[in-house]
Amino acid sequence: MGVLQDKLLCLYRSRWLVFVAAMWLQSWAGIGYLFGSISPIIKSSLNYNQKQVAMLGVAKDLGDCVGFITGVLCEILPIWCALLVGAGLNLFGYGWVWLVVTGRVSTLPLWAMCALIFVGTNGETYFNTVSLVSCVQNFPKSRGPVVGILKGFAGLSGAIMTQIYAMIHSPDHASLLFMVAVGPSLVGIGLMFIVRPVGGHRQVRPSDGKSFTFVYGVCLLLAAYLMGVMIVQDLVPLSKTVITMFTAILFIILLVPVVIPISLVFSAEQNPPEEEVFLPEQHNNEPGKSQQYSDEVILSELEDEKPKEVDLLPALERRKRIAQLQSKLLQAAAEGAVRVKRRRGPHRGEDFTLTQALIKADFWLLFISMVLGSGSGLTVIDNLGQMSQSLGYNNTHIFVSTISIWNFLGRVGGGYISEIVVRDHVYPRPVALAAFQLVMTVGHVFIAMGWPGAMYVGTLLVGLGYGAHWAVVPATASELFGLRNFGALYNFLTLANPVGTLVFSSLIASRIYDSEAEKQAHDGHHDQQSIGSFMFRALNASQPLKCEGSICFFLTSIIMAGFCTVAAGLCMVLVFRTKVVYANLYGKSSTRSLR
């Protein structure tokens, strides 16, 4: 019995159990991706027009992206307390919205509804921050796989929650709002003492590679399963029993990763945590850091003295010439012939503060490209309900679910493809982002045309492109502006989402939609002059205008397609500006071997 207790204690302290629990938490953390399903409920219940719904969408995006307070509280409060705050915000915000929509409390003005949506969605930032902070501290040498998998589960959460809602579906569509308010909060409270940094045993283990591969396999299986289930449910009428079985299999797949910590703890090779604390840390990279620092000290002089034609030489010859020039500069500096200049700020590839990054053209190229690309993608996500209804689709949830899956695959695929670009070809990472933005352009065109089945193709392409932004942009920012202040840089870049939706959704999409709806309402009664038609219009004056046909979002989609093309062009400008930086970052190891 004592051995079993020790094993259970080791399981509770296992960093892999924390990682699996964080995956479960992230499965409920993508509350914002369900806005396309809940916005029609709010619109019909409160008689909002499309512009008012768009304002709610902007409030949702602000709540999802404003994470500065979250970061500060997570540093001050215990991890479990921060998670409890997030659960409370989610329950308060969306719980009150549910009460308003169902008529249990009095109707609130639009600004108050925006505030509630902001507060409720802001709870999601606590789930994300707690998950990422805990797991990055537990896996400091495997940050890439950890962050990619957790962000992927956040992208899948919309599809997961939609499937759960399909099981508990009731004639009262507002029950989806109730699930959004209660579900994530309960999961967060249930896991708040499990998702945390754990002491010791943080070294890279031989089993880590197989474990991450297993988790990646589960992620892809989950995405494929959800896609198949959603397509079947859309094409074939299913009984509640079959839907319940599908949902039960979904829960089983979600529970499968817990096999990893259990097998590691109960295997014979597992060391107790108190022994693993004393395992030697790896210091192989420390000499490289000092060498890199010495290279950076002389970098400004190297850029001044290097002839322009050196960059045009073949890679091997260029490295030899740069190595020779560095050697001469170091010798001259030692003899006093060259004085190392005091630089006004860091060079690209070094550590920037947010203030220093904000005065750099590269940072704004990346940010504006993010606004145009990610903002247009999120506009589609936020307006999926109205887009699908205007094209004659009754089941809007299928598109919310599928675009969530494509979003996940875009994050995984974007990170994988961009890593091949920089590692194997030593080429700037933003070129991958430009390619995905052109893919989004095609997706917007499909949605604009409104052909049969075009929504399926459009959501696929837009979802892939939107997800790729969140894999490529953070990695690019860390490479160009360093890791020391990466949190502040990343939080600023996430503001591209609300800025983009404010422009595309509030100022463009909603205005065009309402204008077309008014035209259709006017044309429908233009030739009817009877008293009966007059009374009909008077009785329905308070009803929100509804637009039908591809014309509702045609112009909006074409505009977004054009801006995605502009975003791809800005990325290519950034590519040409940063070729030398990436050559230094990813060609440095071979350069050193020549010295």
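The shown structure was predicted, so the numbers you read here are calculated from the model rather than taken from an experiment.

Digging into the overall build of the protein chain
Part 1 of the reasoning: On a plain count of helices and strands, the protein chain comes out with 28 helices and zero strands.
Part 2 of the reasoning: Residues counted as buried form 49% of the 595 residues belonging to the protein chain.
Part 3 of the reasoning: Long-range pairs, those at least 24 residues apart, make up 85% of the contacts in the protein chain between residues at least 6 apart in sequence.
Part 4 of the reasoning: By element, 65% of the accessible surface of the protein chain is carried by carbon and sulfur atoms, the whole surface being about 26,800 Å².

Considerations on the packing of aromatic side chains
Part 1 of the reasoning: The full count for this structure, using the stated rule, is 19 aromatic pairs.
Part 2 of the reasoning: On the basis of an interplanar angle of 85° and a centroid distance of 5.4 Å, the ring pair of Phe-92 and Trp-96 is categorised as edge-to-face. Of the two residues, Phe-92 and Trp-96 are both situated in helix H6 (residues 79–101); the distance of four residues between them amounts to about one turn of the helix.
Part 3 of the reasoning: A residue is classified by how much of its surface remains accessible, and Trp-96, at 34% relative accessible area, is partly exposed.
Part 4 of the reasoning: Where Phe-363 meets Trp-364, the ring centres are 6.2 Å apart and the plane angle is 90°; that geometry is what we call edge-to-face.
Part 5 of the reasoning: A relative accessible area of 0% means that Phe-363 is categorised as buried.
Part 6 of the reasoning: Among the aromatic side chains, those forming a connected cluster through ring pairs are Phe-352, Phe-363, Trp-364, Phe-367, Phe-481 and Phe-492.
Part 7 of the reasoning: Across the ring face of Tyr-12, the terminal group of Arg-196 is positioned such that the distance to the ring centre comes to 4.1 Å.

Comments concerning the nonpolar core
Part 1 of the reasoning: With 132 residues, the main nonpolar core has Phe-19, Ile-42 and Leu-222 as its most contacted residues.
Part 2 of the reasoning: With eleven residues, the single largest contributor to this core is helix H10 (residues 208–235).
Part 3 of the reasoning: Aside from chain neighbours lying at most four places away, what touches Ile-42 is Asn-47, Tyr-48, Leu-56, Val-97, Val-101, Ile-117 and Leu-177.

Here we look at the packing of helix H18 (residues 361–382) against helix H21 (residues 430–449)
Part 1 of the reasoning: Where H18 contacts H21, the axes come no closer than 11 Å and their chain directions differ by 35°. Handedness of the H18/H21 crossing: left-handed. Contacts from Ser-369, Gly-373, Ser-376, Gly-377 and Val-380 of H18 reach H21 at Leu-433, Gln-437, Met-440, His-444 and Ile-447.
Part 2 of the reasoning: For the contact of H18 with H21, the class distribution of residues is four nonpolar, six polar and no charged.

Brief notes about the state of the cysteines
Part 1 of the reasoning: All told, the structure shown has one disulfide when counted by the stated rule.
Part 2 of the reasoning: Here Cys-547 connects covalently by a disulfide to Cys-552, the sulfurs 2.0 Å from one another. Looking along the S-S bond of the Cys-547-Cys-552 disulfide, the torsion reads about -95°, which is the left-handed sense.
Part 3 of the reasoning: Given the relative accessible area of 1%, Cys-547 is considered buried.

A few points about the pattern of salt bridges
Think of it this way: side chains of opposite charge can pair up when their charged atoms draw near.
Part 1 of the reasoning: The tally for this structure, following the rule as stated, stands at two salt bridges.
Part 2 of the reasoning: Here Arg-577 and Asp-362 are joined by a salt bridge, their closest N and O atoms 2.6 Å apart. Here Asp-362 lies in helix H18 and Arg-577 lies in helix H26 (residues 551–577), a separation of 215 residues in the sequence.
Part 3 of the reasoning: Classification of Asp-362 by relative accessible area gives buried; the value is 3%.
Part 4 of the reasoning: Its salt-bridge partner being Glu-516, residue Lys-519 comes within 3.9 Å of it at the nearest N-O pair.

Notes on a nonpolar patch on the surface
Part 1 of the reasoning: Together, Leu-9, Tyr-12, Trp-80, Leu-84, Ile-189 and Phe-193 make up an exposed nonpolar region whose accessible area comes to about 530 Å².
Part 2 of the reasoning: When contributions to the nonpolar patch are tallied by element, the ones reaching two or more residues are helix H1 (2–12) and H6.
Part 3 of the reasoning: As for its placement among the helices and strands, Tyr-12 is situated in helix H1.
Part 4 of the reasoning: Overall, the relative accessible area of 37% leaves Tyr-12 in the partly exposed class.

Some points on the packing of H18 against helix H22 (residues 454–481)
Part 1 of the reasoning: In the contact formed by H18 and H22, the axes pass within 9 Å of each other and the chain directions differ by 160°. Comparing their axes, H22 and H18 come out roughly antiparallel. In this structure, H18 meets H22 at a crossing whose hand is left-handed. Residue-level contacts link Asp-362, Phe-363, Leu-366, Ser-369, Met-370, Gly-373, Ser-374, Gly-377, Leu-378, Val-380 and Ile-381 of H18 to Val-462, Tyr-466, His-469, Trp-470, Val-473, Thr-476, Ala-477 and Phe-481 of H22.
Part 2 of the reasoning: Across the contact of H18 with H22, the residue classes break down as twelve nonpolar, six polar and one charged.

Some words on the environment of Ala-521
Part 1 of the reasoning: Positionally, Ala-521 belongs in helix H24 (residues 496–524).
Part 2 of the reasoning: Expressed as a C-alpha distance, the spacing of Ala-521 and Cys-547, which sit 26 residues apart in the sequence, is 8.5 Å.

Topic: the side chain of Thr-441
Part 1 of the reasoning: Mapped onto the secondary structure, Thr-441 falls in helix H21.
Part 2 of the reasoning: When its relative accessible area of 13% is taken as the criterion, Thr-441 is described as buried.
Part 3 of the reasoning: Once residues within four sequence positions are removed from consideration, Thr-441 is found in contact with Ala-561, Cys-564 and Thr-565.

Here we look at the environment of Met-455
Part 1 of the reasoning: With respect to the secondary-structure elements, Met-455 resides in helix H22.
Part 2 of the reasoning: Relative accessible area serves as the criterion here: at 1%, Met-455 is assigned to the buried category.
Part 3 of the reasoning: Once the C-alpha coordinates of Met-455 and Ser-388 are considered, the two residues, 67 residues apart in sequence, prove to be 7.3 Å apart.
Part 4 of the reasoning: Dropping the residues within four chain positions of it, Met-455 is found in contact with Leu-384, Met-387, Ser-388, Leu-391, Tyr-393, Phe-399 and Ile-447.

Remarks on the confidence of the model for the protein chain
Part 1 of the reasoning: Across the protein chain, the average pLDDT comes to 78, with 77% of residues at or above 70.
Part 2 of the reasoning: In this model, residues 273–301 is a region of pLDDT below 50 whose contacts with residues beyond four sequence positions or in other chains number 41 contacts.
Part 3 of the reasoning: Low confidence marks residues 337–342, where pLDDT is under 50. Its contacts with residues over four positions away, or in another chain, come to eleven contacts.

Let's talk about helix H27 (residues 579–586)
Quick reminder: α-helices carry 3.6 residues per turn. Residues three or four places apart thus point the same way.
Part 1 of the reasoning: All of the buried residues in H27 are Val-581, Tyr-582 and Tyr-586. End-on view of H27: buried residues confined to an arc of 105°, all on one side of the axis.

Rules of the game
Residues numbered from 1 in each chain as written. Predicted model: local features only at pLDDT ≥ 70, side-chain atom pairs only at ≥ 80, totals over all residues. Heavy atoms only, no water. Helix = DSSP H or I, 4+ residues; strand = E, 2+ residues; numbered from the N terminus. Buried < 20%, exposed > 50% of the residue type's maximum accessible area, 1.4 Å probe, protein only. Contact = heavy atoms within 4.5 Å. Areas by Shrake-Rupley, 256 points an atom, 1.4 Å probe, with all protein chains shown as cover. Phe/Tyr/Trp six-rings, centres within 6.5 Å; stacked < 30°, edge-to-face > 60°. Lys NZ or Arg CZ within 6 Å of the ring centre and 35° of its normal. Core = buried A, V, L, I, M, F, W, Y, C linked by side-chain atoms within 4.5 Å. Axes fitted to C-alpha atoms, helices over the stretch in contact; angles between N-to-C directions. Left-handed = near helix turned anticlockwise from the far one by under 90°. Nonpolar A, V, L, I, M, F, W, Y, C, P; charged D, E, K, R; others polar. Disulfide = S-S within 2.5 Å. Salt bridge = Lys/Arg side-chain N within 4 Å of Asp/Glu carboxyl O. Patch = residues over 30% accessible without salt bridge, like charges linked within 9 Å, V, L, I, M, F, W, Y side chains within 5 Å. Parallel < 35°, antiparallel > 145°, perpendicular 65-115°, else oblique. pLDDT = per-residue confidence, 0-100. Arc of directions from axis to C-beta.

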